[in-house]
Amino acid sequence: MLSRLGALLQEAVGAREPSIDLLEAFVEHWKGITHYYIESTDEHTPAKKTDIPWRLKQMLDILVYEERQQAAGEAGPCLEYLLQHKILETLCTLGKAEYPPGMRQQVFQFFSKVLAQVQHPLLHYLSVHRPVQKLLRLGGTVPGSLTEKEEVQFTTVLCSKIQQDPALLTYILEGKKTVARKQVSREPTALPGETASVIVVENKDHTHSSAPDTSPCGAGATQLPAETEEPNGGIGENNLITSLIGLCKSKKGRVALKAQENLLLLVSVASQAAATYLVQSSPCCPAVVKHLCQLYQTMPTFLDPADIASLEGISWRLPSAPSDEASFPGKEALAAFLGWFDYCDHLIMEAHMVVADALAKAVAEKLFVEILQPQLLHVSEQSILTTTALLTALLRQLRSPALLREAVTFLLGTEQQPAAPEDSPCALCTHLIRHCNHLSDEISIATLRLFEELLQKPHEQIIHSLILCHLEGRLYVVRGSPEPESYEDTLDLEEDPYFTDGLLDTGFQHSKHPPAPATNLDGKTAVTEIVNSFLCLVPEEAKTSAFMEETGYDTYVHDAYGLFQECSSRVAPWGWPQALTPLDPHEPERPFFEGHFFRMLFDRMSRILEQVIGDLMQRIQRVPQFPGKLLLVRKQLMGQVPGEQLDHQTLLQGVVVLEEFCKELAAIAFVKFPPQGPHLCLSPPAEGHV
């Protein structure tokens, strides 16, 4: 019996010995680090050449091993000692002193590994999250810091922890003033001002039995000293957000990319409370947008629109300009700006809805309204041209719904009602529409490209504001008269001044392509008439496509059909009615106004018809051997023959382009008719004319 009892006692003692040995070893390694500061007189030996890195590694291994021996959720003696004696606070002070040289790097590594490898929740404890905040303030202060790699690893661990537990966000981001108001442990919390005094205190009193500070922040009743408070609540200090933004500016591509990924992880927190805290109590949105505006300011005042377009496709993951593109002044600055804008767009797309809306509004206010709008309204043509081309490039990159919504509001305003000819519903939109008819052809073309890009965006307000709000009332139909069953009854091509006598009788005798089949299904317009109305805009004498193989309007049908299907799928979610709204014959007639945007387009098109088609026949009579030269120019444009300079080159090229444009319009009209009609059979039909 006694021998059995003795064996049990021996077994119990043996079971406790490893725990005691671990704690003693842990304390011994910590004492070894503190003794270095008391005994060493060499201020130049790098930290990595001392035994400090080895001792920190041993302390980490002990913490990890000890945790494996504990029951789930319990803190072992070594972890309790770490928390009670504020070892992380002391290490943070040593890292700030950067003694020995490279100590800050060792501290960042130790913090990162402890937080990543120890599974016990640590960031809730005051003795952990306060030194974490202080360590964050040490990083990101100097561009090109030697500790950038360690800093970004540290932020990676913190962002991962926040992603797992969004409640940690407030512990990590709060400033000094916020911390001062929290209820903390009764243990003294102020760090000694000098490193040596810290070490002396630690060596004089490191008992194993004192009650550890293992309760999370909020257990006691003592406030921090008043002198640690910040009047701005810590928002202006370096914290996790500002550290990440600083690291995003790193010249080291991998560091910058990892920092951007970490910030992306941070803003995508699932918690509504954490997202609200990010918006209302952190510098997240202002810091991101501030960097965007700073990058804009680094660009040259004037840039060639062609140079801006050459950098299309810049991604935040690869923000550097392509090396195979021609160099131009400001190329790298432009690439950096477009790359960060793409990153902002990606942030908004992936972020929590609360963060996404706030960040989109910040981009709109600081970049669109405060910077770009004055440039668009500037008297300088070069300023207007550069800003318009840049805004077009931004729209082309834009993907996030929230930022698209803000861009649409910025460009078109919020007015949804039809405008009268004398109205100016949105000052900026009106200016942009006027720019489409600018004295400078470059500005006109650049602004038309801006609207082209805008119209391709999947946002209903764009189509509604520019076009549909003026057509919904169907004021273009005369009130009191019956609606025609078919537009075929209303088309009278002979009244068109651009159709010549006998044109329809002779047909397109050179063409091998079939006529567009007509359809009167459900009273719809005969498609032949509409197609021919476009094809006949160019006089027969000025057409050359009939002499080429496969160059009729049907060569555009497949592309037009694909474009039509794409547009149809884009507008499908908007719930547009499938049938026209019946007219009220008793409704008083009002004047029809197509809207400022359509009026501008129609004015430009009418000028083209007047300037080109109207006197085209007279001009081509003055060009010797016009048919042969025109056919040669078409072959040059198609790359079939080498290019050579000809007389009247611009006129000849313009005629070819106009013919192709009319064919494309005809193809678009062709594919827009109901799919049940036979005209959408896209297989090669039999030979014929038209």
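So, here's what we can say about the structure. (Residues numbered from 1 in each chain as written. Predicted model: local features only at pLDDT ≥ 70, side-chain atom pairs only at ≥ 80, totals over all residues. Heavy atoms only, no water.)

1. A word on unusual backbone geometry
Applicable threshold: Helix numbers and strand numbers start at the N terminus; a helix is a DSSP run of H or I with at least 4 residues, a strand a run of E with at least 2.
Put simply, Tyr99 and Pro100 share a cis peptide bond, and its omega is -5°. Following the sequence through the fold, Pro100 ends up in the loop between α4 (87–97) and α5 (103–117). Phi angles above zero are rare outside glycine, and Glu98 is one such case at about 55°. With respect to the helices and strands, Glu98 occurs in the loop between α4 and α5.

2. Regarding the pattern of salt bridges
Stated precisely, the cut-off is as follows: Within this document, salt bridges are pairs made up of a side-chain nitrogen of Lys or Arg and a carboxyl oxygen of Asp or Glu, the two lying within 4 Å of each other. Three exposure classes are used, based on accessible area relative to the maximum for each residue type with a 1.4 Å probe and protein chains only: buried under 20%, partly exposed in between, and exposed over 50%.
Inspection of every chain in the model, using the stated rule, returns 17 salt bridges. In this structure, Arg634 and Glu659 form a salt bridge, with 3.1 Å as the shortest nitrogen-oxygen distance. With a gap of 25 residues between them, Arg634 in helix α28 (residues 626–637) and Glu659 in helix α29 (residues 649–671) connect regions that are remote in the sequence. You'll find Arg634 and Glu659 in the same group, each marked buried. Salt bridges linked by common partners bring Arg634, Glu659, Glu660 and Lys663 together as one network.

3. Let's talk about the packing of helix α17 (residues 353–376) against helix α18 (residues 381–397)
Applicable threshold: For helices, the axis comes from a line fit to the C-alpha atoms of the stretch in contact; other axes are also lines fit to C-alpha atoms, and the angle between any two N-to-C directions lies between 0 and 180 degrees. Each angle is binned into one of four classes, with values under 35 degrees roughly parallel, values over 145 roughly antiparallel, values of 65 to 115 roughly perpendicular, and all other values oblique. Any two residues having at least one pair of non-hydrogen atoms within 4.5 Å are treated as being in contact. Three residue categories are used. Nonpolar comprises Ala, Val, Leu, Ile, Met, Phe, Trp, Tyr, Cys and Pro, charged comprises Asp, Glu, Lys and Arg, and polar comprises the others, including Gly.
At a closest axis distance of 8 Å, the pairing of α17 and α18 adopts a crossing angle of 140°. In this view, α17 runs oblique relative to α18, as classed from their interaxial angle. Residue-level inspection shows Leu367, Phe368, Leu372, Gln375 and Leu376 of α17 in contact with α18, the latter providing Ser383, Ile384, Thr387, Thr388, Leu391 and Leu394. Within the contact of α17 with α18, the residues separate by chemical class into 7 nonpolar, 4 polar and no charged.

4. Comments concerning helix α24 (residues 527–535)
Note the following rule: An arc is given here, and it is the one of the directions from the helix axis to the C-beta atoms.
Residues of α24 that are buried: Val527, Thr528, Val531, Asn532 and Leu535. Relative to the axis of α24, the buried residues are bounded by an arc of 125° and lie together on one face. Looking at the packing, one finds that the buried side of α24 touches α29.

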